[in-house]
Amino acid sequence: MDVRDGFIGTIGDTPLIKLRHASEATGCTILGKAEFLNPGGSVKDRAALAIVSDAERRGLLRPGGVIVEGTAGNTGIGLALVGRARGYRTVIVIPETQSQEKKDMLRLCGADLREVPAKPYRDPGNYVHVSHRLADELAASEPNGAIWANQFDNVANRQGHFETTGPEIWDQTGGHIDGFVAAVGTGGTLAGTAMALKQRKPTVKVALADPPGSALWHYYAKGELKAEGSSITEGIGQGRITANLADAPIDVAFQIPDSESVAVVFDLLEREGLCLGGSSGVNVAGAIRLARELGPGHTIVTILCDSGTRYMSKLFNPAFLREKDLPTPGWMK
Ligand code: PMP
């Protein structure tokens with residue numbers, strides 16, 4: 001029998017998809033790791049499982065306990081579903097600007113959802129700080145205790161990618177890999193995967209693909225954290241060097257404007273039949289840029305983070321695109 005053991009057993013071992021159009025356009029082999037096929041629908045299922053398993057191993061999470069987290073959505077969905085499978089409740093703090101689809105999905109998954117106004121990290125009202133305070137309160141009041149998942153600075157997150165995503169990519173490519181590209185939310189995916197690949201082949205070129213409004217492109221390209229502009233992409237962009245990102249072996253950084261990433265999202269749907277979210281567009285656009293830098297004949301892997309169905313009301317909504325001054329493909333009107 002070829003059977004996976006429940007929700008938890010279905011996380012990971014995702015296929016690697018050849019992106020034909022991006023590959024033909026560059027003369028390289030561009031491969032997307034299909035993280036949208038995880039059972040909770042995103043790459044963040046891996047981080048959720050890694051963080052919960054680590055807390056269990058350390059004896060911090062007791063049966064019936066509560067997992068508290070601040071999240072743009074996908075980590076919360078992963079935590080809520082891992083929680084369902086393992087017998088924990090979840091309390092999720094989310095900035096109210098995130099897509100309605102993700103909020104509806106979080107409630108459906110059983111998360112106790114607390115929406116807060118979007119505030120910068122330095123503001124005590126920022127969703128990450130609110131979730132931290134809430135976790136401290138619930139740790140004292142809940143009969144079975146509570147933990148703060150702390151995806152940004154809990155390195156169990158990147159360790160999960162170091163132990164799974166990286167080795168899977170290595171095995172699936174048979175070691176024929178020249179570059180790896182990813183955007184950063186927490187940095188867990190990029191750092192953990194890159195460290196695993198570099199350990200096996202130090203010449204693998206690692207690239208950050210960063211949206212406008214994030215401070216990281218400026219940091220890795222010019223040595224100073226500085227954010228300019230804004231982006232419609234969700235779940236990525238960062239204003240600081242998180243613990244997960246610290247010491248990440250990043251060789252090159254690209255800033256990908258929405259005009260470029262959104263065009264890639266539409267191209268992936270139109271020419272490949274892949275309906276993906278905005279961060280996948282940033283990642284594939286970054287892979288195309290790295291391919292152009294390395295030249296034909298190289299193999300580059302990136303992450304297809306989640307599905308476009310999570311963004312129907314934004315990325316795939318002509319009125320929203322017009323409002324943001326982004327082009328709408330003819331077939332969408
Ligand atoms: N894409 C999406 C859609 C996400 O939700 C996230 C996580 N916030 C990322 C990319 C980035 O992943 P990481 O947190 O591992 O950097």
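Residues numbered from 1 in each chain as written. Predicted model: local features only at pLDDT ≥ 70, side-chain atom pairs only at ≥ 80, totals over all residues.

If you check an unreviewed UniProt entry, the protein appears there as Cysteine synthase A from Tistlia consotensis USBA 355. Turning to the protein, the UniProt annotation filed under Pathway (unreviewed entry) states: "Amino-acid biosynthesis." (UniProt positions renumbered as here; feature names shortened; annotations may be inferred.)

A.B. asks: Could you give an account of the overall build of the protein, naming the residues involved and the relevant values?
C.D. replies: The helix and strand tally for the protein stands at 13 helices and 10 strands. For 333 residues, the compact-globule estimate of 2.2 N^0.38 gives 20 Å, and the C-alpha radius of gyration of the protein, at 19 Å, lies within 12% of that figure. The principal-axis extents of the C-alpha atoms in the protein amount to approximately 60 × 45 × 45 Å. Within the protein, the fraction of its 333 residues that count as buried is 52%. Sequence separation of 24 or more characterises 70% of the internal contacts of the protein that already satisfy a separation of 6 or more. (Helix = DSSP H or I, 4+ residues; strand = E, 2+ residues; numbered from the N terminus. Rg over C-alpha atoms; globule rule 2.2 N^0.38 Å. Buried ≥ 20, exposed ≤ 12 C-beta atoms within 10 Å, placed from the backbone. Contact = placed C-beta atoms within 7 Å.)

A.B. asks: Account for the domain arrangement of the protein, naming residues and giving values.
C.D. replies: If you check the domain split of the protein, you get domain 1 (8-37 + 165-322) and domain 2 (43-148). If you average the C-alpha positions of domain 1 and of domain 2, the two centres end up 25 Å apart. The interface is formed by 21 residues belonging to domain 1 together with 16 residues belonging to domain 2. Counted by class, the side of domain 1 that touches domain 2 contains 6 nonpolar, 9 polar and 6 charged residues. (Domains from an automatic or database assignment. Nonpolar A, V, L, I, M, F, W, Y, C, P; charged D, E, K, R; others polar.)

A.B. asks: I'd like a rundown of the sheet that holds strand β6 (residues 146-148), residues and numbers included.
C.D. replies: Strand order across the open sheet formed by 4 strands is β5-β4-β3-β6, with parallel pairing between neighbours. Looking along the sheet, the strands with just one partner apiece sit at the ends: β5 (112-116) and β6. Between one strand and the next, the sheet's axes are offset by a mean angle of 20°, whatever the strand orientation. Looking at chain direction, strand β3 (residues 66-70) and β6 are connected through 3 bridges and run parallel. Bridging across to β6, V68 finds its partner in W148. (Pairing = 2+ DSSP bridges. Axes fitted to C-alpha atoms, helices over the stretch in contact; angles between N-to-C directions.)

A.B. asks: Provide a residue-level description of the site of the ligand, including the pertinent values.
C.D. replies: Taken together, 19 residues sit near the ligand, with G185, T186, T189, G235 and S279 positioned nearest. Ranked by residue count, the leading element in the shell around the ligand is helix α9 (residues 188-200), at 3 residues. The class makeup of the residues in the shell around the ligand is 7 nonpolar, 10 polar and 2 charged. Taken domain by domain, the makeup of the shell around the ligand includes at least three residues from each of domain 1 (8-37 + 165-322) and domain 2 (43-148). (Near = placed C-beta within 6 Å.)

A.B. asks: Which residues make up the packing of helix α3 (residues 44-57) against helix α4 (residues 74-86), and what are the values?
C.D. replies: Contact geometry for α3 and α4: axes closest at 8 Å, N-to-C directions at 50°. Between α3 and α4, the interaxial angle falls into the category oblique. As α3 packs across α4, the resulting crossing turns out to be right-handed. Between α3 and α4, the residues in contact are K44, D45, A47, A48, L49 and V52 and N74, T75, G78, L79, V82 and R86, respectively. Residues belonging to the contact of α3 with α4 are distributed by class as follows: 6 nonpolar, 3 polar and 3 charged. (Parallel < 35°, antiparallel > 145°, perpendicular 65-115°, else oblique. Left-handed = near helix turned anticlockwise from the far one by under 90°.)

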